[in-house]
Amino acid sequence: MARDSKVWRCGKYELKFDRPRIMGVLNVTPDSFSDGGEHLDTDAAIAHGLKMLDDGADIIDVGGESTGPGFTPVDPDTEARRVLPVVQALAKAGAVVSIDTRHVEVAKAAVRVGASIVNDVTGFTDPRMVDFVKESDCGLVVMHAGEVADVERPRTHTEVQLDTSAAAFMAQKAREAEEAARALGATGKSKRAAKAKLISGMVQPLQPQLPFDAPAPAADAEQAAPAPGASAAVAFDATDADAVSASVEDAPSSDDLAAVMARSGATAYNGSRSAQLRRFTLPDSAPIMRRVMGFLSDQARALIHAGVARERICLDPGSGFGKVANEDIVIQRELGKIASLGYPTLCAVSRKRLVGAISGVANARERDIATFGVCLGAIEQGANIVRVHNVAGFAQFLNGFWAIARPQPRRAYVALGSNEGDRLENIRTARDLIAQIPMTCVSSCSRIYESEPAYETDQDAFANAVIEIKTELAPLILLDELGKVELQLGRDRSGKAKANGPRPIDCDLLWMDNEIHGGNKLRLPHPGLGERDFVLVPLEDLMHNPARFFRYEGIDVKEPEDRVGHVVAELGTL
């Protein structure tokens, strides 16, 4: 997993998976199951999205329609009004934004204002959505949400009662053969042939595999009903649905997804699919995985045939959508099979019903710790992206696990600048302090150059250098360590100091292998990288043709005459 070669192309971004990526959930809705109404206000939603970026999210998934069991469908206009200002603001802040929608009108508008990913819970079964995405360059999340197209088709099976007595079974079948032969006036020879045929057929399975979501007999459903006074959490999870008590008939007939989720919620309540007597703790995985993987691989191939590049497609098995907890657990345990299809794989289990079933926690808001455990299991199975509500907690959890379990030194470049005090000594001391950061080493240094001040020109000239480091820290953790170096050398980071004014030291994280990040705290690559002569010139000491290298990385590198902070002299070596 630490060297996963998959790439996900999402508009102008290219996400790589040398480590798992975190997708933060941002529901701009009044009725989502765990955080409905918290971020319905546009300003609150933007602020929460920026905070998730600063907490460690790589992607922000913005949704304007709750699609939990029993949800109320939202028209595209209402959904668009909720999400578009949020998408636009986060994209402007450098975030990789995903729009969680099944409406092509909303997807088009969101991509137009900056979204890089379309996350379609109906798995791009709408031909209009396919027509749109094949003409764009956004990333796609193909999700399995149950058999949406076949939702009205009745699914039934015949209950088979098995007698554990082999003698009784043989006697019954012999009687049936005798009666059949007698009715046809068969001879003794034909009777013996009928018996032989019966015996030879006994090696076949006595009960066929049941469909993935075949309903159980009504009698079993009644037996599974909770006793009076029993805890409601045993029968269903009320926090994971907005209206689980709504009947199937209440679902709008014109909205297939709503009908699927209404059935999913009703199933979770009455136990109709999980109350059958069985010999094993979980259902057989083969039919479940055939159905889920068949849908996902078929949809991916259809998108490719329509003209969508394979590298744009990500797969999500759709935890909680048209499935009960047992089925979701089977899918999570078999996630490696979905990952083996070769597409980036998304785990989206945060706070959902299966997490409650595993942990015994009824309140969805209190399921974050169990969510982290399930996500770690998914990562071990090959999941590349995890979608979570609690980004800060999961980022801390993942950083701790990754540091020990996945040794992974990565290259990064840090710019050092000073125009107060002993400039050269400040830069050399900063280099030495950076070399003492845990899990970090300094592998190469540029020469020290003098440059004109940039942005705030009424100040002394700067001394500048760039160092190449190798680190196993996450970017935000490394940034915090660089901030400590600045404070140790007397940098004033208070609101009183000018943003580009005089300082004894400045430590800017410029670039890091395979990292893209947006937000207020950190932007990667550094937004000023392509225009700063006092950065690009020192970089020439560390790599061949940095302008070409960073242009290939998608950075707009300006020509020397158009840059700021021009280098005017060489001051020495580090």
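Everything here concerns the structure above.
Described below are features of the structure shown in this document. (Residues numbered from 1 in each chain as written. Predicted model: local features only at pLDDT ≥ 70, side-chain atom pairs only at ≥ 80, totals over all residues. Heavy atoms only, no water.)

This brings us to the packing of aromatic side chains. Tallied over the entire structure, the rule returns eight aromatic pairs. Aromatic pair F372 and F397: ring centres 5.7 Å apart, planes at 35°, arrangement tilted. Of the two residues, F372 sits in helix α14 (residues 368-381) while F397 sits in helix α15 (residues 391-405), which places them 25 residues apart along the sequence. Lying across the ring of Y343, R310 places its NZ or CZ 4.0 Å from the centre. (Phe/Tyr/Trp six-rings, centres within 6.5 Å; stacked < 30°, edge-to-face > 60°. Helix = DSSP H or I, 4+ residues; strand = E, 2+ residues; numbered from the N terminus. Lys NZ or Arg CZ within 6 Å of the ring centre and 35° of its normal.)

Here strand β2 (residues 13-17) shows a buried face lined by Y13, L15 and F17 and an unburied face lined by E14 and K16. Pairing geometry for strand β1 (residues 4-10) and β2, over five bridges, is antiparallel. Among the inter-strand pairings, R9 is bridged to a residue of β2, identified as E14. Where β1 folds back on β2, the antiparallel hairpin that results is connected by two residues, among which G11 adopts a positive phi of roughly 60°. (Buried < 20%, exposed > 50% of the residue type's maximum accessible area, 1.4 Å probe, protein only. Pairing = 2+ DSSP bridges.)

The next thing to look at is the nonpolar core. With 74 residues, the main nonpolar core has V62 and V118 as its most contacted residues. Here this core gets eight residues from one element, more than from any other, and that element is helix α10 (residues 285-306). Sequence-distant contacts of V118, that is, excluding residues within four places in its chain, are made with I99, A107, V111, F124, M129, F132, C138, G139, L140 and V141. The next biggest cluster of nonpolar side chains, apart from the first, holds 27 residues, and it includes V414, I434, L479 and L524. (Core = buried A, V, L, I, M, F, W, Y, C linked by side-chain atoms within 4.5 Å. Contact = heavy atoms within 4.5 Å.)

Turning to the pairing of strand β11 (residues 410-418), a few remarks are in order. Here β11 lies mainly inside the structure; eight of its nine residues are buried. In this structure, β11 lies alongside strand β14 (residues 462-471), joined through nine bridges in antiparallel fashion. Across the sheet, the residue bridging to R410 is T471, located in β14. Where β11 meets strand β15 (residues 506-512), six bridges bridge the pair, whose relative direction is antiparallel. Along β15, the bridge assignment pairs L416 with C507.

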